[in-house]
Amino acid sequence: MLKKPRQPVIHGADAFAAMRKAGRFTAEILDYITPFVKPGITTGEIDRLCHDYHVAHGAVPGPLGFHGYPKSICTSVNHVICHGVPGDLVLKDGDIINIDVTPIVDHWFGDSSRMFLVGDVSGVARDLVKATYEAMMRGIGAVKPDATLGDVGHAIQSFAEGRGYSIVRDFAGHGIGRTMHTVPQVLHYGSPGTDLRLEPGMFFTIEPMLNIGKPDARILADGWTVVTRDGSLSAQFEHTVAVTETGVEIFTLSPNGWNAPPYT
Ligand code: MF3
Ligand code: CO
Ligand code: CO
């Protein structure tokens, strides 16, 4: 049996090249699906379009069959925190949705998600989405050699809580590469100077989930869908990043510049 390494892998130039490719493709899927995210489409149709886009480009959707997961992407609408399973749900005016894609490209995983505003969205929901993107970017901004994961978590937490949002604690970012989920665990809260010290060549995701209400989560009977216990709105963004000699490289930046709404 292969075991998870306890120490994060320090990747070299070939791995960076492979992850640039996987990360770009990851972002291209999200760019591709953007014009389809409108009132009237179902999450199942979004899944089908994304699935076919993977296949048409020689990639494999990582989630499909992962621990029995039944679909190719995750679609998390409104009070769904993460791992929403695509199906018959019809998007309607005013919804917010997270689309999370995790393709395998030449055996390397990319992992990224963005929020989408469906039609005319309330100011309260738009503010949450904006703050969640900003929280992720604050976390990414703290990534550099000799910083710690505690610095990253603190940057996210202090920003999000300062805006009055709560941070989901039950799910974390993760090391990534030739496996979808590996060490380190990347918490979206923490204290400066604590936790793992960062070194060039580490690859991981940063994917904070912010709630308007309480941070508590609950899993639905389907065994996957994670919702807020209090029914409050939740938002998430995710990038796959590397620690570099000078700071951070984001592998999953949008070629179209569509990293956060509005996507125009
Ligand atoms: N993309 C998710 C993450 O950010 C994982 C999807 S795998 C699934 O880690 F099975 F949950 F869909
Ligand atoms: Co992830
Ligand atoms: Co993801």
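All of the points below concern the structure found in this document. (Residues numbered from 1 in each chain as written. Chains lettered and ligands numbered in written order. Predicted model: local features only at pLDDT ≥ 70, side-chain atom pairs only at ≥ 80, totals over all residues. Heavy atoms only, no water.)

**Focus on helix α2 (residues 43–56)**
Applied cut-off: Helix and strand definitions here come from DSSP, where helices need a minimum of 4 consecutive H or I residues and strands a minimum of 2 consecutive E residues; each element is numbered from the N-terminal end. A helix is expected to span 1.5 Å multiplied by its residue count minus one. When accessible area is computed with a 1.4 Å probe and restricted to protein chains, residues below 20% of their type maximum are described as buried, those above 50% as exposed, and intermediate ones as partly exposed. Throughout, the arc means that of the directions going from the helix axis to the C-beta atoms. Here a residue-residue contact requires only that any non-hydrogen atoms of the pair lie within 4.5 Å.
For α2, spanning 14 residues, the distance from its first C-alpha to its last is 20 Å, which sits close to the expected 20 Å at 1.5 Å a residue. Every buried residue of α2 is accounted for by T43, I46, D47, C50, H51, Y53 and H54. Seen along its axis, α2 keeps its buried residues to an arc of 160°; they face one direction. Residues of α2 that are exposed and point more than 90 degrees away from the buried face comprise V55 and A56. Taken together, the buried residues of α2 touch α1 (13–33), β1 (60–61), β2 (74–77), β4 (96–101) and β5 (103–105). The first or second residue beyond α2 is G58, which carries a positive phi of 75°.

**Regarding the coordination of the cobalt ion (ligand 3)**
Stated precisely, the cut-off is as follows: Keep in mind that water is not among the atoms, so a site may look incomplete; donors are the N, O and S atoms within 2.8 Å of the metal, or 3.2 Å for Na, K and Ca.
Within the first shell, the cobalt ion (ligand 3) binds the protein through D100 (OD), D100 (OD), D111 (OD) and E238 (OE), at distances of 2.0 to 2.3 Å. On the primary sequence, the residues serving as donors to the cobalt ion (ligand 3) are separated as D-x10-D-x126-E. Separating the cobalt ion (ligand 3) and the cobalt ion (ligand 2) is a distance of 3.3 Å, and D111 donates to both of them. With D100 in strand β4 and E238 in the loop between β15 (234–236) and β16 (239–243), the pair connects residues that are 138 residues apart, well separated along the chain. Here D100 matches E238 in class, with each residue buried.

**Quick notes on unusual backbone geometry**
Cis geometry is adopted by the peptide bond preceding P184, which originates at V183 and carries an omega value of 0°. A positive phi angle, near 50°, is found at H67, a position not held by glycine. Here H67 lies in the loop between β1 and β2. The class of H67 is exposed, set by a relative accessible area of 69%. Here the phi dihedral of N78 falls at roughly 55°; this positive angle occurs in a residue that is not glycine.

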